[in-house]
Amino acid sequence: MSGTRSDGELLRAIAADSDRRAFEELYRRYAPWLTARLRGRCADPAVVDDVVQETFLAVWRGTARYHAEGDAAGWLWRIGSRRLVDALRGDGARGRLRQALARLRHRDEASAEERVLAGVEHGDLAGALVRLSPELRAVLQATVIDGLTTREAAVLLGIPPGTVKTRAMRARRQLREELA
C-alpha cells in the first residue's frame, strides 16, 4: 500500500495543485459507491450519472470545500445528495413520492415501516408526509426510505445522531396519529 494515498492527501493535492492523477484516483475510489447510493434514491440512471459528474466537478473546480477533519465519503455523499435533491425538485412533490413508493415496492424484504407505509392509501400518506416539517421529512427520507443508519443520516443532514433519533421518533409519532 505504499503507493496508495489517503483521501485527505488526494483532496489536498486536488485543491492545491489541480492534481489530475489525484482526482482520477479519488473518482475511481468513490464514483461507483456514490452512484450506487444515489441509485437508491433515484430510479433514473441518467439523472444519477449527471449528479455524480456534477459532484466530482464541484470537487475538481474547488466549489466544494473539504475540511480535513471530516470523512471524505460523507462529504462526497452530502454534495451528491444535495445535487440530487436539486435535480429532483423539477419533478415536484408527487414525482418524488412516486419514486419513494416505487423504491419501497422493489426492495426484497420490507421493514416494519415499509409494511405500514405500503398498507396506507397513497393519498393519505402523501398528505401526512406533506404536513411533516421539512426537518422531520428529511430524517424520515434518510432513515426509512434511504435506509441509512442514524450515524449516516447524521452525516448526510449535518446534525448530531441524537437529533436524528429524536426527529425520527417525532416523525413516526406524527404519522401514526395522522394515519390512525
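Below you will find a few notes about this structure. Along each chain, residues carry numbers from 1 onward, in the same order as the chain's sequence is written. Local features in this predicted model are restricted to residues of pLDDT 70 or higher, and side-chain atom pairs are both shown and tallied only at a pLDDT of 80 or more, whereas totals for entire chains, interfaces and linings draw on every residue. Based on all heavy atoms of the structure, the side-chain values leave hydrogens and waters out of the count.

What to know about the environment of Ala31
Here Ala31 shows up in helix α2 (residues 20–39). In this view, Ala31 contacts Leu26, Val52 and Phe56; residues no more than four positions away in its chain are not counted. A helix here means a DSSP run of H or I that spans at least four residues, while a strand means a run of E at least two residues long, and both kinds are numbered starting from the N terminus. Note on contacts: a residue pair qualifies if any of its non-hydrogen atoms lie within 4.5 Å across the two residues.

A short note on the packing of helix α9 (residues 150–157) against helix α10 (residues 161–179)
The description of two helices packed together rests on the angle between their axes and the distance between the axes. The geometry of α9 relative to α10 is characterised by a closest axis approach of 8 Å and an angle of 105 degrees between their N-to-C directions. Our classification of the angle between α9 and α10 gives roughly perpendicular. Across from Thr150, Ala153 and Ala154 in α9, the residues of α10 making contact are Pro161, Val164 and Lys165. The residue classification treats Ala, Val, Leu, Ile, Met, Phe, Trp, Tyr, Cys and Pro as nonpolar and Asp, Glu, Lys and Arg as charged. All others, Gly included, are polar. Each residue belonging to the contact of α9 with α10 can be placed in one class, and the counts come to four nonpolar, one polar and one charged. Angles shown run from 0 to 180 degrees and are taken between the N-to-C directions of axes, each axis being a line fitted to C-alpha atoms and, for helices, limited to the stretch in contact. Orientation categories follow fixed angle ranges, with anything under 35 degrees roughly parallel, anything over 145 roughly antiparallel, 65 to 115 roughly perpendicular, and all other angles oblique.

Focus on the packing of aromatic side chains
Two aromatic rings, drawn from Phe, Tyr or Trp (for Trp, its six-membered ring), form a pair once their centres lie within 6.5 Å of each other, and the interplanar angle then sorts them: stacked below 30 degrees, edge-to-face above 60, tilted otherwise. If you walk through the whole model with that rule in mind, you get four aromatic pairs. Among the aromatic residues, ring-to-ring pairing joins Phe23, Tyr27, Phe56 and Trp60 into one connected group. Two thresholds decide whether a charge sits over a ring: the Lys NZ or Arg CZ must be within 6 Å of the ring centre and within 35 degrees of the ring normal. Arg37 extends its terminal NZ or CZ atom over the ring of Trp77, reaching a point 4.6 Å from the ring centre.

Re the nonpolar core
Residues belong to one nonpolar core when they are buried, are Ala, Val, Leu, Ile, Met, Phe, Trp, Tyr or Cys, and are joined through side-chain atoms within 4.5 Å. Exposure categories follow from relative accessible area, calculated using a 1.4 Å probe and restricted to protein chains: below 20% of the type maximum is buried, above 50% is exposed, and the middle band is partly exposed. Ranked by size, the top nonpolar core spans 34 residues in total, and within it Leu26, Tyr30, Leu38, Val52, Phe56 and Val59 carry the most contacts. Breaking this core down by element, the ones donating at least two residues are α1 (7–17), α2, α3 (45–61), α4 (72–88), α8 (134–145), α9 and α10. If one sorts the elements of this core by residue count, α4 sits on top with eight residues. Setting aside residues up to four positions removed in sequence, Tyr30 forms contacts with Asp7, Phe56, Ala72, Ala73 and Leu76. If you look at the next biggest cluster of nonpolar residues, it comprises nine residues, including Leu136, Leu140, Val144 and Ala171.

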